[in-house]
Every structure is written in C-alpha cells, then in structure tokens.
Amino acid sequence: MYKMQNYFEMIVLYCIRIFNGERSVYAILHMLKGKKSSQTIQDVHLFGLTNLLGTLPDITRRQLEITVDKLLQSGLLIVLPQNGYYLITSIGQELLQQHVKKYPFPETLNGFRFQNRTQPYWSRLSLLIQTISHIIHKQNRFYPIQRNFQTQTWVKRYLAQNRQNRVEIGRHLFDELSTLLEKRPEKERAIFVKRLTGIHRIGSTYSQISKELHEDEWYVRYLFLGTIHFMLQEFDDSSVQYPYLYSIIKDIQGNSHTQLTNSTQMTLKYLQTGKSLEEIAFIRRLKRSTIEDHIVELAYSDPLFNISRFMSQKIEEVIRIASKTSRTKQLRAIKEIVANDEISFFQIRLVLAKAGDDQ
Amino acid sequence: MNVEEILVKQFGYSTFRPGQKEVIDSLLEGNHTLAMLPTGSGKSLCYQLPSYVLNKVVIIVSPLLSLMQDQAEQLKMRGEKSVITLNSFLTSVQKREAIERLDSYRFIYLSPEMLAIPRIIERLQKLEIGLFVIDEAHCISQWGYDFRTDYLNLGNIRSKLNNPLTLALTATATKTVQADIKEKLKLEHPNEVITSVDRSNIAYIVEEHSSYDEKLARLKELVNSFDGSGIIYFSSKKAAESVTRFLQENGVKDIDYYHGGMEQEQRMLIQQQFLHGQLRIICATSAFGMGVNKNNVRVVIHFHLPGGMEAYLQEIGRAGRDGKQSAAILLYCDGDEGLPLHLAEQQLPTFYQIEETLASLHILEAGIWNIEPKQEIELREMYALTDVQWRWITHFVKEFEYEDQFMITEKLKGISKARRIENQNKLERFFRWVSVSCCRRVNILSYFDVALTEKNQTCCDRCGVVTDELLASLPHDDLEVKELKKTWRQELAAILIGEAKTNEEQTS
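Note that the coordinates shown come from a computational prediction; the quantities given were computed from them, not determined experimentally.

Undergrad: What exactly am I supposed to notice about the overall build of chain A here?
TA: Along its length, chain A carries 18 helices and two strands. Within chain A, the proportion of its 359 residues that are buried is 42%. The contacts of chain A with a sequence gap of at least 6 include a subset with a gap of at least 24, amounting to 67%.

Undergrad: In this structure, what is going on with the overall build of chain B? I would like to understand it.
TA: Broken down by element type, chain B carries 21 helices and 13 strands. A compact globule built from 508 residues would reach a C-alpha radius of gyration of about 23 Å, and chain B, at 24 Å, matches this within 12%. If you line up chain B on its principal axes, its C-alpha atoms span 75 × 55 × 50 Å. Split into buried and exposed, the 508 residues of chain B put 38% on the buried side. Look at the contacts in chain B between residues 6 or more apart in sequence, and 77% of them connect residues 24 or more apart.

Undergrad: When you look at the sheet that holds strand S9 (residues 229–233) of chain B in this model, what are you seeing that I'm missing?
TA: What holds strands together in a sheet is hydrogen bonding between their backbones, with the strands either parallel or antiparallel. Residues and elements named next belong to chain B. Sheet architecture is open: six strands sit in the order S8-S13-S12-S9-S11-S10, paired in parallel fashion. Only two strands of the sheet have a single partner each, and these edge strands are strand S8 (202–209) and strand S10 (255–258). Recorded for the sheet is a direction-independent mean angle of 20° between the axes of neighbouring strands.

Undergrad: What is the right way to look at the environment of Gly317(B) in this model?
TA: Mapped onto the secondary structure, Gly317(B) falls in the loop between helix H12 (309–316) and strand S13 (326–333). Given 22 C-beta atoms within 10 Å, Gly317(B) falls into the buried group.

Undergrad: Looking at this model, I keep getting lost on the interface of chain A and chain B. Mind explaining?
TA: Frequently, the measure chosen for interface size is the accessible area that the parts lose on association. Of the residues lining the interface, 33 residues belong to chain A; the matching set on chain B comes to 29 residues. For the side of chain A that touches chain B, the secondary structure elements donating two or more residues are helix H6 (111–136), helix H8 (166–182), helix H9 (186–195) and helix H10 (206–213) of chain A. Among the elements that take part in the side of chain A that touches chain B, H8(A) stands out by supplying eight residues, more than any other. Partitioned by chemical class, the residues of the side of chain A that touches chain B number 17 nonpolar, nine polar and seven charged.

Undergrad: Would you explain helix H8 (residues 175–184) of chain B in this entry?
TA: Count 3.6 residues to each turn of an α-helix, and residues three or four apart come out pointing the same way. Taken residue by residue, H8(B) has Val177(B), Gln178(B), Ile181(B), Lys182(B) and Lys184(B) as its buried positions. Lys186(B) sits one or two residues past H8(B) and shows a positive phi near 55°.

Undergrad: Looking at this structure, I do not really get the pairing of strand S11 (residues 281–284) of chain B. What am I missing?
TA: Both faces of the sheet carry side chains from a regular strand, because those side chains alternate between them. All names here are of chain B. Alternating positions in S11 separate into two faces, Ile281 and Cys283 on one and Ile282 and Ala284 on the other, with burial throughout. Pairing of S9 with S11 involves four bridges; the strand directions are parallel. Residue pairing in the sheet places Gly230 in a bridge with Ile281 of S11. The pairing of S10 with S11 spans four bridges and is classified as parallel. In the strand pairing of S11, Tyr257 is matched with Cys283.

Undergrad: Can you walk me through the confidence of the model for chain B in this structure?
TA: As a general rule, the predicted coordinates of low-pLDDT regions are not to be interpreted in detail. With 96% of its residues at a pLDDT of at least 70, chain B reaches an overall mean of 88. Scored as a complex, the prediction yields pTM 0.81 and ipTM 0.78.

Undergrad: Sorry, what's going on with the packing of helix H2 (residues 25–33) of chain A against helix H3 (residues 38–47) of chain A here?
TA: Helix packing geometry: the angle between the two helix axes and the distance between the axes. Residue and element names in this part refer to chain A. Look at H2 against H3: their axes get within 10 Å of each other, and the N-to-C directions meet at 95°. Overall, the two elements H2 and H3 adopt an arrangement that is roughly perpendicular. Residue-level contacts link Ala27, His30 and Met31 of H2 to Thr40, Asp43 and Val44 of H3. Residues of the contact of H2 with H3, tallied by class, amount to three nonpolar, two polar and one charged.

Undergrad: Before we go on, may I ask you to explain the nonpolar core in this structure?
TA: Where a protein is soluble and globular, its nonpolar side chains tend to be buried together. Counting 146 residues, the largest nonpolar core has Val12(A), Ile282(B) and Ala327(B) as its most contacted members. Not counting residues within four places of it along the chain, the set of residues in contact with Val12(A) comprises Ile28(A), Leu64(A), Thr67(A), Val68(A) and Leu71(A). Residues Ile60(B), Leu110(B), Leu167(B) and Leu185(B) belong to the second largest nonpolar core, which totals 48 residues.

Undergrad: Which parts of the structure should I look at to understand the sheet that holds strand S6 (residues 166–170) of chain B?
TA: Residues and elements named next belong to chain B. With respect to topology, seven strands assemble into an open sheet ordered S3-S4-S2-S5-S6-S1-S7, the strand pairing being parallel. Two strands lie at the open edges of the sheet, namely strand S3 (83–86) and strand S7 (191–194), each paired on one side alone. Neighbour-to-neighbour, the strand axes of the sheet open up by a mean angle of 15°, direction not taken into account. As paired strands, strand S2 (residues 57–61) and strand S4 (residues 107–110) are joined by four bridges and run parallel to one another. Of the residues in S4, the one forming a bridge with Ile60 is Tyr109. Sheet contacts for helix H4 (residues 65–77): S3 and S4; angle to S3, the most-contacted strand, approximately 170°.

Undergrad: Can you walk me through the pairing of S3(B) in this structure?
TA: Residues and elements named next belong to chain B. Sheet topology note: the S3/S4 ladder contains four bridges and is parallel. What sits directly across from Thr85, in S4, is Tyr109. Note that the unit made of S3, helix H5 (residues 92–100) and S4 has a crossover that is right-handed.

Undergrad: How should unusual backbone geometry be read in this particular structure?
TA: Generally, phi is negative for residues other than glycine and the peptide bonds are trans, each holding for most cases. With a phi close to 55°, His214(A) is a non-glycine residue in the positive phi region. Considering the arrangement of structural elements, one finds His214(A) in the loop between H10 and helix H11 (217–238). The backbone of Asn162(B) sits at a positive phi, close to 70°, despite the residue not being glycine. Its location among the elements puts Asn162(B) in the loop between helix H7 (154–160) and S6. Look at Asn162(B) and you get exposed, because 8 C-beta atoms sit within 10 Å.

Undergrad: I tried to follow the packing of H9(A) against helix H20 (residues 488–496) of chain B on my own but got confused; where do I start?
TA: It is at 10 Å that the axes of H9(A) and H20(B) come closest, and there the two elements cross at 25°. Taken together, H9(A) and H20(B) sit at an angle that is classed as roughly parallel. The hand of the H9(A)/H20(B) crossing is left-handed. In this structure, H9(A) uses Arg189(A), Ala190(A) and Val193(A) to contact H20(B), whose residues at the interface are Trp488(B), Glu491(B) and Leu492(B). Across the contact of H9(A) with H20(B), the residue classes tally to four nonpolar, no polar and two charged.

Undergrad: Could you clarify how one ought to interpret the environment of Met114(B) in this entry?
TA: All names here are of chain B. Turning to its location among the elements, Met114 is positioned in the loop between S4 and helix H6 (118–125). Separated by 263 residues in the primary sequence, Met114 and Ile377 have C-alpha atoms spaced 22 Å apart. In this view, Met114 contacts Leu86, Asn87 and Ile120; residues no more than four positions away in its chain are not counted.

Undergrad: Before we go on, may I ask you to explain the environment of Lys76(B) in this structure?
TA: All names here are of chain B. Considering the arrangement of structural elements, one finds Lys76 in helix H4. We classify Lys76 as partly exposed; it has 17 C-beta atoms within 10 Å. Setting aside residues no more than four positions away along its own chain, Lys76 makes contact with Lys81 and Val83.

Reading the values: rules and limits
Residues numbered from 1 in each chain as written. Chains lettered and ligands numbered in written order. Predicted model: local features only at pLDDT ≥ 70, side-chain atom pairs only at ≥ 80, totals over all residues. Helix = DSSP H or I, 4+ residues; strand = E, 2+ residues; numbered from the N terminus. Buried ≥ 20, exposed ≤ 12 C-beta atoms within 10 Å, placed from the backbone. Contact = placed C-beta atoms within 7 Å. Rg over C-alpha atoms; globule rule 2.2 N^0.38 Å. Pairing = 2+ DSSP bridges. Axes fitted to C-alpha atoms, helices over the stretch in contact; angles between N-to-C directions. Nonpolar A, V, L, I, M, F, W, Y, C, P; charged D, E, K, R; others polar. pLDDT = per-residue confidence, 0-100. Parallel < 35°, antiparallel > 145°, perpendicular 65-115°, else oblique. Core = buried A, V, L, I, M, F, W, Y, C linked by C-beta atoms within 7 Å. Right-handed = clockwise from strand over helix to strand, strands pointing away. Left-handed = near helix turned anticlockwise from the far one by under 90°.

Following this line, the structure appears as structure tokens:
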C-alpha cells in the first residue's frame, strides 16, 4: 500500500475528499493560500473548510500539482472525465482516515477567523521577545530576526509607548505565555519555544525542529499554527487576562470576511436604504452578477442577514430540501432537482449561504 | 575631529584597513573617486566615515535589496539611527512619509529602480547631497559579471542631481570594466584607488576528482577536517539541499542549507544561526553571503564551478575577514563545465525568444511602458522567459523605443550574441585557471592586471600547499554550544527573565 510521504499530501487528499469532485484543484490552492475572493470564502463555508483557510500562504501551484499527480499515480485519486476534477478512491479514503486519526489537525486551527492576524502576531511577538530579551540582558545591539519594516516600526513604537521597566514587560510576557502554553500539549509547547529567538540562542527553523522531534515538517507547521490560533482565540474570549500579549494584536481585528472588498460594504449600504438589486447595479454601474456576489457574501458573513427579499418562503424551502436530497453543493445538480425555471442560481447560492456550516 | 578620531569614536576601530584611508582622503579633498577594494575589506566604511565630516546626506545606490537591508541594519547596530532604505518593499504610505522626511536622514539607501521615479528625483534635487555612492559599481558595465540594466541610467541621474561628489565602489573590476564605470557614470578624471584584489591570507586549492561520488565523499572528509566555520557553494538549490541531507545523515553536525527559494523568515534564522556560531557550516547558493558580516569563516568550498573569476573572488572573499589563515577549495571533476555554461545560457534570451516577444510586444496597445502584470505573466509564460531574460528584453526595448520593430529585433539579437560569447569567454578563462600549472594567485592577479607584491608562504596547491595539512593548521575556533534549557518553561524564562532570577526560580 502507498505510504504517504508527508503531511502536505494528507492535506491535499483531505481537501479533495471534501470537495468531492465539485471543485478543481485550484480551489484547494486558493483556499490554502487564503485568497480573499468571495468564491473562496464561500467555498470554505459551504464545504466546512474554515479551519484550513489561508494556512499555507506560501504554497505554489507547482507544489500542489506535483502532489496531486503523485496521489493520482498511486491510485488514491481518480479523474472525473467530464470536468477533469478529482475524486478520492476507496484506498485513498482508507489511507486518509488512518492518517487523520494519527495526525489530526489541531482542534484550535481556524484560518477563516485568524488568517489576517497570524502573521502580524507572530512577527511582532517574536521580534518583541528578541528585543526584550536583549535589553534585559543589557545588550542593546543585535540583528533583528524580523526584517519587515512594518514589524520593526511596530516594535519601536510599542517600546516608546510602553515606558515601564523592560524587566517588567519581560516578566509579564513570560507569565502570559506560560499560562497559555500550559493549556497546550507538550509537543506544541516544545515547538513554540524552539521557534523563539532570545539572548542566548537564535530560533530554530521548521526543518530543524522537524528533525529534532522526528516529525514531518508540514505537521510541525500546523502544530505551530494551532498554538498561534489558540492564543488568538484566547485573546478574543478573554483579552483582560492577557493584557500584554493582546496589546500586540489588538489593532488588527476581524476575520476573512471583514477583509473582503469595500465594494461589498457599499452594496450593503444601498441595500439598507431599500434599493433593489437592479437599482444598485444601475447606480454603481456594475454588472448584476457582481452585485449578486456581494449579496451572497453578505449572507455568509452575517448570520442575521435576511434573504427573504430575494425569494419567497416557499422557494427557500424548495431549495433547502433539494440541497438536502441531492447531498451535493453543486448548483447545477440542485437546479436540476428543483426543476423550476423560476428559481435562479443566485437564489440557490443564497440559501446555501444561509444553510452554511450546519449541513 | 580628524578622521582617525572619528574612526575610533564612531566605528570603534583603531586603524584603517588597506585602501580605506586613501579613499576617504580623496573624497574629503573633493575628488570623484573610483575605488576597488577586495571583498571583506570594509568598503562601506569608505562612505560612512566621510559623512561625519561632510555632515551632509549620503546617498547609496545598491543593487540588491538584501544587501541594502544588511548594511542599513549594520549601521543601526552601530547606533546610527538616521538611516532609511527606499525600495519596493515599502508600502506607498511609508514611501510617501519617507520621501517627505528625506532631508532628515544621514544615509539614504536606494535601489536603482527607485531613481527612475520622477518624484524621488525631484525630492533628491532639493537636498544638499554630500556624497553619491554607487555600490557594486561593476554592475553598470555589461562586461562586468553582474550586469544590471537599471544601473545604466545612473550617469544621467548624476547629471540631474548636479554631479554630486561621487564614489564608485567595487570589489572586482578588470581594467575594461573600470573604464566602463568611469564612462557610464560620466566621471571625469576621478581619483582611482585600486588596491590589490589579492587576499593573501586565503590559500587557493583545486582538487580534481574522478566522479561526483568521489567529490561527495571528499567533501565529507573536508568538513570533518577543520573545526571552524565554512561555506559550501552550489550552483543549484536542489544540490545544496540534498548534499546537506547527505552530510547530516553521515554525522556532520551543525550544518544546514540556505537558498533563495526559502521563506524569508527561515532564511533569516539560518543566516543568524551561522553568524552566532550556532551553525558551523552552510550549504548555499550564491544567494548567500552578500552582506553577511562574519569575520571568522575559515573555509569556502566550491562543489560546483562558479560563474567566472569575479564571482569566484566574491564568494571566496567571505573567508578570513579577520585576516587569519583561511582556505578556498574548489572540487572539480571532469565535465563540471557543463553546468555553469548552461546557467549562463539561461541568463540571455534566445533569438527565438527575442523575435517572438518583440512581435507580441509590438501588437500590445499599451506600449512597453504600460505593460500590465497580467500581460507580463502571459508573455513570460508563453515564451518561457526567466525573470532576468524578461528584464533584459524590456530594458533594451525601452532604450531603442524610437526604432522600428525590425531594427530593435536585430539589435537585440546582436547584443545577446555578443553577450553570449563574452560569457563563454569568461567561463573559459576560469576553466583555464582551474587547470593552470603555475601559481594560482599570480594567475588571478594577471586577470585583473595587477602584479603580486607580497607573497604568503601558504599560497596555493601549485605552490605546494597540501589540503589536509592546511586544514589541520587553520586557527581553531570553538563553537559555543547553544542548547535549549531542560524544560520549555526554563527556556522561556532564560529568554524573558534575567539569568539570576531563573536560578531563583529553579531552587524555589
């Protein structure tokens, strides 16, 4: 039987199973890279992939293609003749189950919610820690481990605004980080601490940690992300408990939806003043389909968004039932089942958006 | 304060290194200066120190983003806060802010493409420029080994800035390239400070082996035969990675790889680990080294042939900056010539690529100055153009913009052919050095038209140096062991809480 080479293969296999022949591999690419488009954001809700969104921002098209090809050659996937999309085979299914059981995604992983905060939080935190570590050890000169200009400026400003004793800041960071890490499994703690750069030691790379712990490098990345997302979640839940750490990231809020286009916000404003879809399209000189995209997006981002102005209660019900019986998220399939020319793709998308994750 | 006092006070050195004083004096007397100082001889001091005498802004044009950042970082480490790097990494808001406050900086580092922005030129014209520095000035010459098309405009920019006092700096320039630098920068009668490219404390060795496997086995022996730091250069990322893995599996500790394909953060960690002695050996592509200021690199090994004599000197120049005995070892096996020849080929577009790309560009409505990213991607994919090839073509199309398409095509083909021959000649010149039967040092110097003045006993394999004896005799350098503390909490405490308090904690 095929032996999986790395954790990335498992992730790809997992996504292919979830997309179940309804999306191309590039949907996986966009999803893992965290593309900020309505389509990708809708996909992660529709298919329940909110945890993985934007978790591998540096992945390349080529890396994905090579991996898919390997999985295909090994009989874990088949190609659908009609559209060239992929389906998982039963061998693939079996292998995937074994792996997911052995190496589950950290339960704290939440790319949808945290992808915008992950990178800034870590770069600021790691540079702040390096800086404090040097200052309290009376060394004021060192090479910053983060080269990003924004990050460096942020740390400078932070230290200028927080005039208290540096030893004290170090102490507080230590206390808060300890409290958080205590709630994590041993392996996650080890990885997190090894990644840090301080006075006596430069942090380790993922590859070095993976060798030390005899774990797959991709898996190490995900465990680390799990720790970071856990911390961000804690700040959302009880920021007062972690005043020092929370202050690192409090200026960046919001999930992937909030980051979506201003254009959608504009559409929302017009909707709130009672304008119809057609009117908005006319006023804004945009295509009807664009405005539809905005509205679907709004339906995803706001659980209380009311879709009744776009269809009757009855139509909504018909679509809901059709989507349940078809057990698919493919619009075309649902449209065939409802067999009613009066019902548009737009309406189906809206209902699916409302149904969201609870399917 | 005289320059010696500034040297002590600002830089913490007691004496100048060869060439530095001459360059500084020349500049302070108000002369445009062309300076060739070997890699690792403290070139940046030549423009940093005068700024404390002139007390006017110093502009430094530098070709590589990473190099620029490293130098700015080093200045800041020294406590000089008044430094800005202007490059495409800044957001537009940051750029605007920086440009507005431009007169408040002492050192302004710029990439050449920033100088193509009219707003920046306008702003610079209003400054009183004390010194205009062109770092890696050989990039301006198409006979130099690292020709950069956007350097060609620097002559015009100098005129626009009213010909400020100028320093052109390079580590490796033949007589032809030196002449080219002066001409392109429109430097009239500059002072020239040409110190020898010779690094007498580096011994040259070429070892010939019969196969790849033999080279690999030898490499393993070599890294185990000295205890100091070393860099091993490869021509490909893949080779750097796989040889690292091989050496790790064979028990070599404190070794890792570095190349341009890695994420920035991971790359920075490796570089810092090496600087701090946490890693002893780096397997790298030529992406590693520029701006890495490590004094005690003892050995530089080339597993593949470099891209020519200048590239070779740059790379081995990272050894022995502390002046102590060091070694440059090249592992050669028959047939190794193919790889650098192939890589040089890839730098230039083929006739087919030139013809087709120009035909496509011709029908583009937007014109060469307004190509959209999407169109660029399409064109590059269609004709398989590398980054370098694309920049090369677009540069010349812009340069010959008023000619008709046929003429441009022919001109480009002519230039690319000439460059191709030149590249081959360069490599062949290096291949000859590999097989030369007399002193390697004399041979290198003759390439730069310099005579050998003073000779180190430990010169090269042709002069009787034996690799293993040399490695055994190199100065020792104990690596500091930087292990993690026992538990995660102790490690975290060691980072964030002072040592004394950590001990208290452990006892309590």
